[in-house]
Amino acid sequence: MTRGSDEPGAGVGTRRPLVPSGSRYGETVIRGLLFLCAALSVVITMGIVLSMIGPTISFLGQVPIGEFLTGTTWAPSFATPSFGVLPIVVGTGIILVVSLTVAIPVGLLSAIYLSEYASPKVRRVIKPALEVLEGIPTVAIGLFAFWFLHPLIKNLFPFLGDWRSPFSVGVAGVAVGLLIVPLVASIADDAMRAVPRALREGAYALGSGKLAVSLRVVFPAAISGIVAAIVLAGSRAVGETMVVLIAAGAGNPRLSFDLTEGVQTMTAYIAGRATGDIPVGTLAYDTLFAVGTLLFTATLILNTIAIRFVRRFRELYD
Amino acid sequence: MPPTATPRRVRRAAEGARSATMAALTARTRRGRATSTAFLGIMLVGLSFALVGLLSLIVFMFVEGGGRLSWTLLTEGPSTINPGGAGYRPAILGTLWVISGVIMLIVPLGVGSAIYLERYASKDRWWNRLIELNIQNLAGVPSIVFGILGLAFVARGPLGLGFVAIAGSITVAMLVLPTVILAAREAIKAVPSSISDGAMALGATQWQTTRRQVLPIALPGILTGVILAVARAIGEAAPLLLVGAVNFITFDPTFTSRYTTLPVLIYNYSTRPQEEFRVLAAAGVIIMLVLVLAMNSVAVWLRNHFETKYREH
C-alpha cells in the first residue's frame, strides 16, 4: 500500500491513513463547511423539538396532561372545548391496523416473489413499477380512494355497515396500505437478498423445494429486516396525512371502530385545522403543537425500533 | 484403503440408501409441487393487487378528467364561479417557484452532508454517529411535522418569512433532505476505493480527490436521488397546508409572494361540491401524475443505465 506521507522514512511498518501530512487551510475550511451541512440535520431536529416544546408546555398549562391523554371527547374548537385526544389516536390506530392488514401480506408476498422466484428480467420490470407506485403523490391516492375505492368497496362489502358517510376510515386504511406496499416490498426484498447464497444452496442440497427454502430458510434468516420494513411502514401510516384527510374526512372525531364511517386522525386534525392563519398564542394554536408532539414521539419510537432491527440484519451477514 | 476394495454389501447399502433418499425426495417434491404452485399463485395475486391498484388509479383519473385536458388547464387561473374555464396557472407557477427553491437548497446541503459523512467523518466520533442516526430518524418523521416546524420557525417565529413561496421551499427542502443525503451517500460509497486511493497516492488532497475523482463517478447516483426527492416534493401537500399554500390566488406568484401549489389546489378543488370541480381536480391529478411519473422514470432509467454501465468496466 502506498503511503500518503512524503516524510522520509515515515511510518515504516505502520499503516498511516492516506492523508497528506501538511494540512492546508483550504482543506480545513472545506471540511468545516461540509461538517456544517451534515450538522444542519441535527439543527433541523432540534428545530422540530424546540418549535413544539414551547406551545406544548403552554397547552399543558391550560389542559392537564391526564385529561389530554385519557379524555374520550375531542372537540377543541367547540364553545366549551374538550381536549381528550383518544378519539383521534384511535382513528390513527384504525388506519394503522387496516393499512398493515393490507400491506403486510401484499408487500411480503411481493418481496418473496421478487427475491426468490422472479427472473432477473421480470424483476427489472416489476421493481421499478413498484417504485413508481411509491412516487405517486398522496393527494392523488386520496382522491382515488375517495372517488373510486369507496364506491367499489361499498358495493363489494355492503354488509360491513351502513356506509352512510361519504368518508370511510376502512377505505382510507386500504388506500394507505396500497401506499406503503412498495416500502414493505422493497425493504423486505433487500433483507432477503442479503441472505447468503450458501444458506439457500445448503437447503437445496438437503432436498428442499423452492417453497421450503423461501419460507423456512430465507424468510427466518431475514426476519429482522422484514420486521424493520413493517415497523417503518407502520410509522409511515401513522404519519400519512393527505389520504386520511381526503378519504377518512377531517371533521368528525369520534371514538368508534366502525370501518364504514369517517374518522379524524392526528395528522388530519393538524392539516384540517392549520390551514393558514391561526392567531399565535391561542389555545387552538397550541393544540396543534400538542398533537404534533404526540405524533412526532410516536413515529420517533417506531423509527428507532426499525433502525435497530435494520442494524441487526445488516450485522448478521456482513 | 485401495479404492477397488469396496465390499459388495457396502455397495449394496449405499445403493439402498441412495434409492431411499431419492424416493423420499421425489415423493416430497411431488407432494410439494401442488403447494408450491398454490403459493406461486398467491404471490402473484398479492403482487398484482399492488400493480392493479397503480394501474386503475391512472386509468380512473384519465377517465374522470381526460375530457378536461386542454391548454386552458395550464394557462387559466382558478375560478370559483366558472369551473369549466378554470385552470392551474398560478399553482403551476407556484410549484415551479417552490421546487426551484427546494433544488437550490437540497443539492449543496444534501451532497455536502453526504460527502462529509462518507469521505471525512470518522465513525469513532460520537457526533458523527449522532448525525448519522439523526438523518435516519429524520427520514421517517411525518411530513406534517415539518409543516409544524415550517409554521413555527419559518413562516412565523425566528425566520418570520411569512406565508410565501420561499417559506414553502424551506419547509419542503427540510423534508426531502434526508432522502438526498441517503441516496448521495450510497452513490459515493459505490465508488471503488481503488480510484480514490489512487488519487490520494498521487498526492491529491482529500477534497481534490473527492471533487475530481469521486463526485464525477457518483454523479448519476446523486442525480437519481435529487430527482426522486424533487418528484416527492412536487407531490407534497400536507406540510404546505401549514405554511400558507392554501390561498386561493388568481395572480402569478413569485418567490416572495403568497402562493399555492399544484397538489394543494387540486385538494382545494376536490373539496368543492360541484361535479365540474371534481373533473377539474382529476385533470389536475393527470398533470401532476405526468410530471411526477416522468421524473421517477428518468430517475429509475438513470440508475439502471449507470448500474449496468459500471458493471461492464
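Conventions and cut-offs
- Residues numbered from 1 in each chain as written.
- Chains lettered and ligands numbered in written order.
- Predicted model: local features only at pLDDT ≥ 70, side-chain atom pairs only at ≥ 80, totals over all residues.
- Heavy atoms only, no water.
- Helix = DSSP H or I, 4+ residues; strand = E, 2+ residues; numbered from the N terminus.
- Buried < 20%, exposed > 50% of the residue type's maximum accessible area, 1.4 Å probe, protein only.
- Areas by Shrake-Rupley, 256 points an atom, 1.4 Å probe, with all protein chains shown as cover.
- Core = buried A, V, L, I, M, F, W, Y, C linked by side-chain atoms within 4.5 Å.
- Contact = heavy atoms within 4.5 Å.
- Buried area = accessible area lost by both parts, 1.4 Å probe.
- Salt bridge = Lys/Arg side-chain N within 4 Å of Asp/Glu carboxyl O.
- Polar contact = N/O pair within 3.5 Å; in protein donor to acceptor, adjacent residues only side chain to side chain.
- Nonpolar A, V, L, I, M, F, W, Y, C, P; charged D, E, K, R; others polar.
- Expected span 1.5 Å × (residues − 1).
- Bend = angle between axes of the 7 residues up to and from the residue.
- Phe/Tyr/Trp six-rings, centres within 6.5 Å; stacked < 30°, edge-to-face > 60°.
- Lys NZ or Arg CZ within 6 Å of the ring centre and 35° of its normal.
- 1 Å grid on protein atoms, 1.4 Å probe; cavity = no way out; pocket = protein on both sides within 12 Å on 5 of 7 lines; lining within 4 Å.
- Points joined across faces, edges and corners; volume = space filled by probe spheres on them.

This part takes up the overall build of chain B. Counting its regular elements, chain B contains 11 helices and zero strands. In chain B, the succession of helices and strands from N to C terminus is α-α-α-α-α-α-α-α-α-α-α. Looking at chain B residue by residue over its 313 residues, the buried ones come to 48%. When the accessible surface of chain B is totalled, it reaches about 14,800 Å², and 64% of it is carbon and sulfur.

Among soluble globular proteins, nonpolar side chains are generally buried collectively. Counting residues in each nonpolar core, the largest one holds 187 residues, and the members touching the most others are Ile48 of chain A together with Met61 and Tyr88 of chain B. When sequence neighbours within four positions are dropped, the list of residues in contact with Met61 of chain B reads Ala140, Leu143 and Phe144 of chain A together with Gly66, Ala282, Val285, Ile286 and Leu289 of chain B.

Attention now moves to the interface of chain B and chain A. Residue-level contacts link 81 residues of chain B with 81 residues of chain A. Summed over both partners, the interface of chain B with chain A buries about 7,300 Å², with 78% contributed by carbon and sulfur atoms. At the boundary of chain B with chain A, the tally comes to one salt bridge. Of the charged contacts, one joins Arg303 of chain B and Glu131 of chain A as a salt bridge, the two residues approaching to 2.8 Å between their closest N and O atoms. For the pair chain B and chain A, the number of links is eight residue pairs in polar contact (both at pLDDT 80 or more). Looking at which element gives the most residues to the side of chain B that touches chain A, the answer is helix H1 (residues 8–65) of chain B, with 20 residues. Tallied by class, the residues present in the side of chain B that touches chain A amount to 57 nonpolar, 19 polar and five charged.

It is worth spelling out helix H6 (residues 169–193) of chain A at this point. Residue and element names in this part refer to chain A. For H6, built from 25 residues, the straight-helix expectation of 36 Å at 1.5 Å per residue is met to within 8% by its first-to-last C-alpha distance of 35 Å. If you look at H6, its biggest bend is around 40°, right at Ile180, and the proline Pro182 turns up within four residues after that. Among the 25 residues that make up H6, 22 are buried, leaving the element largely enclosed by the rest of the structure. By the N-cap criterion, in which a side-chain oxygen at the helix start approaches the backbone nitrogen of a residue two or three places on, H6 is capped by Ser168, the distance to Gly170 being 3.2 Å.

This part takes up the packing of aromatic side chains. Counted by the stated rule, this structure contains 16 aromatic pairs over all chains. For the ring pair Phe35 of chain A and Tyr116 of chain B, a centre distance of 5.2 Å and an interplane angle of 70° mean the geometry is edge-to-face. Of the two residues, Phe35 of chain A is situated in helix H1 (residues 25–62) and Tyr116 of chain B in helix H3 (residues 89–120); the pairing between them involves two chains. Judged by centre distance (5.2 Å) and plane angle (55°), the ring pair of Phe148 of chain A and Phe60 of chain B falls under tilted. Of the two residues, Phe148 of chain A is situated in helix H5 (residues 138–156) and Phe60 of chain B in helix H1; the pairing between them involves two chains. Assessed through its relative accessible area of 27%, Phe148 of chain A is described here as partly exposed. Taking relative accessible area as the criterion, Phe60 of chain B reaches 10% and is therefore assigned buried. Every member of this aromatic cluster is reached through a ring pair, and the members are Phe59, Phe68, Trp74, Phe83 and Tyr269 of chain A. Its end group placed over the ring of Tyr117 of chain A, Lys210 of chain A keeps NZ or CZ at 5.4 Å from the ring centre. The positively charged end of Arg272 of chain B is found above the aromatic ring belonging to Phe277 of chain B, 5.6 Å away from the centroid.

Attention shifts here to empty space enclosed by the protein. Applying the stated criterion across every chain, the model contains two cavities of 30 Å³ or more. What the largest cavity holds in volume is close to 50 Å³. Around the largest cavity sit Leu114, Lys127, Leu130, Glu131, Glu134, Pro182, Ala185 and Ser186 of chain A, which together line it. Mapped by element, the contributors of at least two residues to the lining of the largest cavity are helix H4 (120–135) and H6 of chain A. Among the elements that line the lining of the largest cavity, the one with the most residues is H4 of chain A, at four residues. Its residues placed into classes, the lining of the largest cavity shows four nonpolar, one polar and three charged. The space that makes up the second largest cavity amounts to roughly 40 Å³. Thr95, Val98, Ile99, Ala233, Ile234, Glu236, Leu240, Thr261 and Pro263 of chain B together form the lining of the second largest cavity. For the lining of the second largest cavity, the elements supplying multiple residues, two or more each, are H3 and helix H8 (206–235) of chain B. Take the lining of the second largest cavity: its biggest share by element is three residues, from H3 of chain B.

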